[in-house]
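The lines below spell out each chain.
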Amino acid sequence: MGDQVPQDHYDVMVLGGGTAGGLAAVELSRSGRDVALVENRLVGGESAYFACVPSKSLLLSARRGERWDLAVARRDHVTGHLADDRAAARLTEAGVTVLRGRGHLLGPGRMEVDGAEIGFGDLVISTGSEPVVPGVDGLAGVPTWTSDEALSLPVLPRRLVVLGGGPVGCEMAQVYASFGTQVTVVEASGRLLAAEAPFAGEVLAGALRRMGVDLRLGAEPARVERAAGGLLVWLSDGGRLEADRILIAAGRVPRVQGYGVENLGVAVTPGHGLPVDETCRVTDGVWACGDVTGIARTAHAARYQARVVVDNVLGKHREADYRAVPRVVHTSPAVYAAGISPIQAAELGIDLLTAGYDLAATARAVVEADERGRVELYADRSRGVLVGAAAAGLYAEEWMSEVTLAIRAETPLSLLTDVVHAFPTFGEAIEAPLRELAGRL
Ligand SMILES: Cc1cc2nc3c(=O)[nH]c(=O)nc-3n(C[C@H](O)[C@H](O)[C@H](O)COP(=O)(O)OP(=O)(O)OC[C@H]3O[C@@H](n4cnc5c(N)ncnc54)[C@H](O)[C@@H]3O)c2cc1C
Ligand SMILES: NC(=O)c1ccc[n+]([C@@H]2O[C@H](COP(=O)([O-])OP(=O)(O)OC[C@H]3O[C@@H](n4cnc5c(N)ncnc54)[C@H](O)[C@@H]3O)[C@@H](O)[C@H]2O)c1
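Residues numbered from 1 in each chain as written. Chains lettered and ligands numbered in written order. Predicted model: local features only at pLDDT ≥ 70, side-chain atom pairs only at ≥ 80, totals over all residues.

Per an unreviewed UniProt entry, the protein chain is named Dihydrolipoyl dehydrogenase, and its organism is Actinomadura macrotermitis. What UniProt records for the protein chain under Sequence similarities (unreviewed entry) is the sentence "Belongs to the class-I pyridine nucleotide-disulfide oxidoreductase family." (UniProt positions renumbered as here; feature names shortened; annotations may be inferred.)

Written as structure tokens, this is what we have:
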């Protein structure tokens, strides 16, 4: 079972030691609870070794124009060469017992970890998510990558076909194209980042095309086969692509099966998150946070939910509020969205006012010699507050935070129009649309 010998019973057991589970375990232990965390792969989870951290490192190296081998060295350094001893030490220093092994729930208050049966008072489920592999004829018979391999191997394929044009597909396409791989993105819907306002995917599509990425939008792979010197991907629109590697970036699903959650009397539906209420409670004494809930599916949302769980386990009633959780694609230009999108507003019957501004009109764009991008703000006419926003542009992941605060705090538009932005910054781009929205109320 690894580092530490388990006790018979803990106040709290945390199943899954990634972003959400690690934070919950540390905070609960610091609050005086006797806590054990169970992890069967790497303490620290997906984000630190196979997702956020290596992808952002490679994107930075790409922007700096570094060589592939140096970019790989840098990436492997920031992921600690996939060694998790430091992450595990941070937990044990906080008083958490780290149990390495696969946790399996036997029933209420009982878990088995590699043959040892352990009792618990509260349970925090934070088992994360896993990639979806589309049912394409022949795909299972050829070597494929998911983001795990794309972000941990030193291989730079000559030709890469990326299945899916969501956040993962777009970030990976930019990484590999930057280092010289001939990249094709096959996206079933008609545009990139299909869940966001259309302009965001269009800005990103322009940037990727200028790098030489071939975008096949509205197409799906129909069949995959081996061919002399590589792989052949036949598309639903009759197209044919040659590849050395296929990267599957077709979405992720919450990990809800294979660890006995049904033994707690909880009904799970494959492909869907564990059902939680607004306090992140699954059932009495059972809580869930992170990707496994299927709600916000980012590292920052995982941390937020973990804090909500901690407060509730400690008896302080706290409800999660997802009205302004950012959704970011860390490409260049970056895409940032928070709150509701125009599509969601229509579904919710909100009378939406929209105003936008092209970043090219800012002085900062001239200074940066980069005129790409746009910002759009969405206001609820009846309440006079922002309910959503989206931006595509340089550093949007940084300068859009104030809009997130405005959405969450429901700051009146009349007050937002009185906020001064420094010159010359991209942040100035929100001033004109704010005035326009306030004037139309
Ligand atoms: C390529 C990529 C890039 C991303 N980039 C970003 C980004 O830039 N910013 C951002 O905010 N988000 C990003 N995300 C999303 C982010 O990685 C996830 O939202 C986050 O890692 C979820 O954390 P978690 O704690 O829910 O799950 P994880 O961190 O995956 O932790 C779950 C843990 O549970 C363990 N586990 C599961 N079952 C068991 C069991 N039965 N017994 C023991 N252990 C078990 C797993 O081994 C795993 O370590 C990215 C995702 C991908 C795929
Ligand atoms: N910066 C970030 O915060 C960040 C970065 C990357 C990923 N993530 C998280 O990781 C999760 C997974 O991202 P993702 O991009 O894999 O999933 P996604 O669901 O956002 O996008 C998957 C895309 O693949 C397409 N697709 C599905 N099947 C296909 C097929 N057979 N052929 C062609 N296209 C197909 C879908 O139409 C969709 O556009 C997201 O929920 C996201 O929140 C976050």
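That was the structure; now back to the text.
A. Looking closely at the site of ligand 2. Surveying the vicinity of ligand 2 reveals 25 residues, the closest of which are Pro134, Gly164, Gly166, Pro167 and Gly251. Where the shell around ligand 2 is concerned, the elements lending two or more residues are helix 7 (167-178), strand 10 (182-187) and strand 19 (327-329). Element by element, the count of residues in the shell around ligand 2 is highest for helix 7, at 4 residues. Taken domain by domain, the shell around ligand 2 gets at least three of its residues from each of domain 2 (139-250) and domain 3 (327-440). (Near = placed C-beta within 6 Å. Helix = DSSP H or I, 4+ residues; strand = E, 2+ residues; numbered from the N terminus. Domains from an automatic or database assignment.)

B. Up close: the site of ligand 1. What surrounds ligand 1 is a group of 36 residues, the closest being Gly16, Gly18, Gly45, Gly128 and Gly290. Contributing elements (two or more residues each) for the shell around ligand 1: helix 1 (19-30), strand 2 (35-39), helix 2 (45-50), helix 3 (52-64) and helix 9 (299-313). Grouping the amino acids of the shell around ligand 1 by side-chain chemistry returns 10 nonpolar, 18 polar and 8 charged. (Nonpolar A, V, L, I, M, F, W, Y, C, P; charged D, E, K, R; others polar.)

C. Spotlight on the domain arrangement of the protein chain. What the domain assignment lists for the protein chain is domain 1 (9-44 + 84-131 + 253-313), domain 2 (139-250) and domain 3 (327-440). Listed by partner, the interface residues are 12 residues for domain 2 and 15 residues for domain 3. When residues of the side of domain 2 that touches domain 3 are traced back to their parent elements, those giving at least two are helix 7 and helix 8 (198-210). Of the residues that constitute the side of domain 2 that touches domain 3, the class distribution is 9 nonpolar, 1 polar and 2 charged. (Contact = placed C-beta atoms within 7 Å.)

D. A look at the packing of helix 3 against helix 4 (residues 68-78). Contact geometry for helix 3 and helix 4: axes closest at 9 Å, N-to-C directions at 150°. With respect to their mutual orientation, helix 3 and helix 4 come out roughly antiparallel. Helix 3 and helix 4 meet at a crossing whose hand is right-handed. Between helix 3 and helix 4, the residues in contact are Val53, Pro54, Ser57, Leu58 and Ser61 and Ala71, Arg74, Arg75 and Val78, respectively. In terms of residue class, the contact of helix 3 with helix 4 is built from 5 nonpolar, 2 polar and 2 charged. (Axes fitted to C-alpha atoms, helices over the stretch in contact; angles between N-to-C directions. Parallel < 35°, antiparallel > 145°, perpendicular 65-115°, else oblique. Left-handed = near helix turned anticlockwise from the far one by under 90°.)

E. View of the sheet that holds strand 9 (residues 159-163). A sheet is described by the order of its strands in space; here 5 strands give the open sequence 8-15-9-10-11, paired in parallel fashion. If you trace the sheet from one side to the other, it starts and ends with strand 8 (144-145) and strand 11 (214-217), each paired once. Both strand 9 and strand 10 contribute to a ladder of 5 bridges, which runs parallel. Across the sheet, Arg159 pairs through a bridge with Gln182, a residue of strand 10. (Pairing = 2+ DSSP bridges.)

F. Representation of the environment of Gly95 in the model. By the secondary structure assignment, Gly95 is in the loop between helix 5 (85-93) and strand 3 (97-100). On the basis of neighbour counts, which here come to 15 C-beta atoms within 10 Å, the residue Gly95 falls in the partly exposed class. Taking C-alpha positions, Gly95 is 35 Å from Glu397, a pair spaced 302 residues apart along the chain. (Buried ≥ 20, exposed ≤ 12 C-beta atoms within 10 Å, placed from the backbone.)

G. Broad picture of the UniProt feature "domain: Pyridine nucleotide-disulphide oxidoreductase dimerisation" (unreviewed entry) in the protein chain. Here the UniProt feature "domain: Pyridine nucleotide-disulphide oxidoreductase dimerisation" (unreviewed entry) sits at residues 325-431. Structurally, residues 325-431 is divided into 29% helix and 30% strand, and its ends, taken at the C-alpha atoms, are 22 Å apart.

H. Geometry of the packing of helix 3 against helix 7. Following both chains from N to C, one finds helix 3 and helix 7 inclined at 40°, their axes separated by 9 Å at the closest point. Between helix 3 and helix 7, the angle is such that the two are oblique. Helix-helix and strand crossings are classified by hand; for helix 3 and helix 7 the assignment is left-handed. Contacts between helix 3 and helix 7 involve Ser55, Leu58, Leu59 and Ala62 from the former and Glu171, Gln174, Val175 and Ser178 from the latter. The residue inventory of the contact of helix 3 with helix 7, partitioned by class, reads 4 nonpolar, 3 polar and 1 charged.

I. Just helix 3, in detail. The terminal C-alpha atoms of helix 3, which comprises 13 residues, lie 18 Å apart, in line with the 18 Å expected from a rise of 1.5 Å per residue. Taken as a whole, helix 3 has its buried residues at Pro54, Ser55, Ser57, Leu58, Leu59, Ser61 and Ala62. Elements that come into contact with the buried residues of helix 3 comprise helix 2, helix 4 and helix 7. A positive backbone phi angle near 75° is found at Gly65, which sits one or two residues after helix 3. (Expected span 1.5 Å × (residues − 1).)

J. Focus on the UniProt feature "binding site: FAD" (unreviewed entry) in the protein chain. Following the UniProt record, one finds the feature "binding site: FAD" (unreviewed entry) at Lys56, Gly103, Thr127, Gly128, Ser129 and Asp291. A maximum C-alpha distance of 30.7 Å among these annotated residues, which run over 236 residues, shows that they spread across the structure rather than meeting at one spot. Tracing the sequence through the fold places Thr127 in the loop between strand 6 (116-125) and strand 7 (129-131). Setting aside anything within four residues of it in sequence, one finds Thr127 in contact with Leu15, Gly16, Arg255, Tyr259 and Val292. Here Asp291 lies in the loop between strand 18 (286-288) and helix 9. Apart from the residues lying within four places of it in its own chain, the contact partners of Asp291 are Gly128, Ser129, Arg252, Pro254, Arg297 and Ala302.

K. Inspection of the pairing of strand 2 at higher detail. For strand 2, a buried count of 5 out of 5 residues is recorded, marking the element as mostly surrounded by other parts of the structure. Residues Val35, Leu37 and Glu39 point to one face of strand 2 and Ala36 and Val38 to the other, with burial holding for every one of them. Bridge count between strand 1 (residues 9-15) and strand 2: 4 bridges; the pairing is parallel. Counted as the bridge partner of Leu15 is Val38 from strand 2. Once the chain exits strand 1 it traverses helix 1 before rejoining the sheet at strand 2, and the crossover so formed is right-handed. As judged from the 4 bridges shared by strand 2 and strand 3, these two strands associate in the parallel manner. Paired with Val38 across the strands is Leu99, a residue of strand 3. (Right-handed = clockwise from strand over helix to strand, strands pointing away.)

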